[in-house]
Amino acid sequence: IFQLVLDYSSCIFQQQFHYFLHLFEQSLLIQLDKKILFLFISNIILAGCNTTIVSNLEMETIDVNVRANDWQYTHMPDNNYFRCVVEMPEITSKVFDQGEVKVYRKFYDKQNNDFFKHILPDVFHVKENQFLYTITVDYIYGVGWLEFNYRVSDFVYDEGNYMDFAPEAMTFSIVVTKGY
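Residues numbered from 1 in each chain as written. Predicted model: local features only at pLDDT ≥ 70, side-chain atom pairs only at ≥ 80, totals over all residues. Heavy atoms only, no water.

**Overview of the sheet that holds strand β6 (residues 122–128)**
Hydrogen bonds along the backbone pair up the strands of a sheet, which may run parallel or antiparallel. For clarity, the threshold we go by: Note on pairing: two strands pair once DSSP finds at least 2 bridges between them. By definition, any uninterrupted DSSP run of H or I lasting at least four residues is a helix, any uninterrupted run of E lasting at least two residues is a strand, and each is numbered from the N terminus.
If you trace the five strands from one edge of the open sheet to the other, you get β2-β3-β8-β7-β6, paired in antiparallel fashion. Two strands in the sheet have a free side with no partner beyond their single neighbour: β2 (72–73) and β6. Summarising the sheet, strand β7 (residues 131–142) and strand β8 (residues 144–152) pair through eight bridges and their orientation is antiparallel. If you follow D138 over to β8, its bridge partner there is N149.

Next comes the structure, spelled out in structure tokens:
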């Protein structure tokens, strides 16, 4: 009888084991099917996205020389700075909406007898006599124009001596990317 019970129980165990194995295989297949279905749907979704790759942008570089007397002082309360506005027909509404404008300040390196550029904004610190101050050169633009700004930290000067800090002549390279 004991042997019969063992045979019967092992038979039931084998049946249950095969049943659980079958369920596991089914579950695994369903999981794989879900993963395959997910990959398939995501490929369709990603393939359906409109992706624009721009590889042939039109770019134009314009050099602008700003003379020392071209800079105008703003005389604005609490926000004094020098500015120079130049007409830029190259900055169209298409450039403004879809393109890009980058401005570089161009320097001459006497030691190497060559030019180099520094992208704006350009921030540098100056120590003159007892004064330590910061100069910032940056720009803003709109359709048809570009404004260069030259700011000396406000704690250095007041309305009476602002011309002591007037900017020198500068050359800028303006890179206009027309967009797509």
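**Details of the pattern of salt bridges**
What counts here: One speaks of a salt bridge when a side-chain nitrogen belonging to Lys or Arg is within 4 Å of a carboxyl oxygen belonging to Asp or Glu.
All told, the structure shown has seven salt bridges when counted by the stated rule. In this structure, R105 engages D122 in a salt bridge whose closest nitrogen and oxygen atoms are separated by 3.8 Å. Of this pair, R105 sits in strand β4 (residues 100–109) while D122 is found in strand β6, placing the two residues 17 residues apart along the sequence. Here E168 and R105 are joined by a salt bridge, their closest N and O atoms 3.2 Å apart.

In short, geometric facts, not functional conclusions.
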